[in-house]
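Each chain, letter by letter, is given below.
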Amino acid sequence: MTLLGYGIAVTCQFSFFLGNLSLKKLDRISTFQVFYLFQILMIATTYFLIQRKRLTLLPTSPKLTKTLLVRCLISIISSCLFYIGIRQISMSTVTILQMTGPVFAAFFSTLLLKEIFDITMGTTTFLSILGVIFITKPTFLFGSIDLGDDIDPHTQFIGSMLILGACVLNGLIAVMSKKISGRVDPLVVVFYLAF
């Protein structure tokens, strides 16, 4: 079962990379058009699967429904930050910044789920944040940096902060998903995520 989980995780990451790469190459299509198309496809697919499994869209508890709706709102904000930011920075920077997501998930799981934050997690968190600082090269720390003729340092910094903001929110979404797991079917969670 663990091997299956790793296979699914690798497939998801690879699919996410291909989607990001495609988004970078679609210069003539508005970012939000791609975003809306993705959301519509996700809603249609999950609705079809929910109907096929005969699940209910509303959880039995109003508190769970509220949590799903808040998670949905955070997801919309995160997606908007991501889709705006991805057009402003290189694909390599996007990929590296996305790898900080688990750091924020660990932070939020400590804060919200009362999980233990040990020295190993602290060290990796520090190194991840240090890496982000070296990648984004904020001018208030590094001064003016020549990134070439086609890259504006201000645009790159703003794009990096947008992607980093999306990663922070994705960490929160992951913790919220774990908090409601077992009480709501995963298809219903994905359906709410699509709005």
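Residues numbered from 1 in each chain as written. Predicted model: local features only at pLDDT ≥ 70, side-chain atom pairs only at ≥ 80, totals over all residues. Heavy atoms only, no water.

Asker: I keep staring at the overall build of the protein and nothing clicks. Help me out?
Answerer: Looking only at helices and strands, one finds 9 helices and 0 strands in the protein. Reading the protein from its N terminus to its C terminus gives the helix and strand order α-α-α-α-α-α-α-α-α. Of all 195 residues assigned to the protein, the portion counted as buried reaches 33%. Summing over all exposed atoms, the protein offers an accessible surface of approximately 12300 Å²; the carbon and sulfur share of this is 70%. (Helix = DSSP H or I, 4+ residues; strand = E, 2+ residues; numbered from the N terminus. Buried < 20%, exposed > 50% of the residue type's maximum accessible area, 1.4 Å probe, protein only. Areas by Shrake-Rupley, 256 points an atom, 1.4 Å probe, with all protein chains shown as cover.)

Asker: Help me out: how do you make sense of helix H5 (residues 101-112) in this one?
Answerer: Taking 1.5 Å of rise per residue, the 12 residues of H5 would be expected to cover 16 Å, and the 16 Å separating its terminal C-alpha atoms lies within 8% of that figure. Those residues of H5 lying buried are Gly101, Val103, Phe104, Ala105, Ala106, Phe108 and Ser109. Once H5 ends, the next one or two residues include Lys114, with phi positive near 60 degrees. (Expected span 1.5 Å × (residues − 1).)

Asker: Help me understand helix H3 (residues 62-85) in this model?
Answerer: For an α-helix, the turn length of 3.6 residues means that residues three or four places apart are oriented alike. Between its first and last C-alpha atoms H3 spans 35 Å; for 24 residues at 1.5 Å apiece the expected length is 34 Å, and the two agree. With a side-chain oxygen lying 3.2 Å from the backbone nitrogen of Lys63, the N-terminal cap of H3 falls on Ser61. (Polar contact = N/O pair within 3.5 Å; in protein donor to acceptor, adjacent residues only side chain to side chain.)

Asker: So what exactly am I meant to see when it comes to the pattern of salt bridges here?
Answerer: If charged atoms from side chains of opposite charge come close, those side chains can pair. Applying the stated criterion to the full structure yields 2 salt bridges. Among the ionic pairs, Lys53 bridges to Asp185, the shortest N-O distance being 3.7 Å. Here the residue Lys53 occupies a position in helix H2 (residues 31-53), and Asp185 occupies one in the loop between helix H8 (153-180) and helix H9 (186-194), the gap between them amounting to 132 residues. Between Lys178 and Glu115 there is a salt bridge whose closest N-O contact spans 2.6 Å. Of this pair, Lys178 sits in helix H8 while Glu115 is found in the loop between H5 and helix H6 (119-136), placing the two residues 63 residues apart along the sequence. (Salt bridge = Lys/Arg side-chain N within 4 Å of Asp/Glu carboxyl O.)

Asker: Just to check I follow, could you spell out a nonpolar patch on the surface for this structure?
Answerer: Taken together, the side chains of Phe14, Phe17, Leu18 and Leu21 make up a nonpolar region of the molecular surface, amounting to roughly 340 Å² of accessible area. By the element assignment, Leu21 lies in helix H1 (residues 2-25). (Patch = residues over 30% accessible without salt bridge, like charges linked within 9 Å, V, L, I, M, F, W, Y side chains within 5 Å.)

Asker: Would you take a moment to explain the nonpolar core for this structure?
Answerer: Most often, soluble globular proteins keep nonpolar side chains buried together rather than apart. Grouped together as the largest cluster of nonpolar side chains are 20 residues, with contacts concentrated most on Ile74, Phe82, Val94, Leu97 and Ile163. Elements that contribute at least two residues to this core include exactly H3, helix H4 (91-98), H5 and H8. Among the elements that take part in this core, H8 stands out by supplying 9 residues, more than any other. Grouped together as the second largest cluster of nonpolar side chains are 10 residues, Leu64, Ile180, Val184 and Val188 included. (Core = buried A, V, L, I, M, F, W, Y, C linked by side-chain atoms within 4.5 Å.)

Asker: Hey, could you run me through the environment of Glu115 in this one?
Answerer: Residue classification places Glu115 among the partly exposed residues on the basis of a relative accessible area of 31%. Those residues within four positions of Glu115 in sequence are excluded, and the remaining contacts are Ser109, Thr110 and Lys178. A polar contact of 2.6 Å, which involves the side chain of Glu115, links it to the side chain of Lys178. (Contact = heavy atoms within 4.5 Å.)

Asker: Would you explain unusual backbone geometry in this entry?
Answerer: Backbone geometry places Arg54, a non-glycine residue, at a positive phi of 60 degrees. Here Arg54 lies in the loop between H2 and H3. For Lys114, which is not a glycine, the phi torsion comes out positive at approximately 60 degrees. By the element assignment, Lys114 lies in the loop between H5 and H6.

Worth remembering: the numbers are spatial, not functional.
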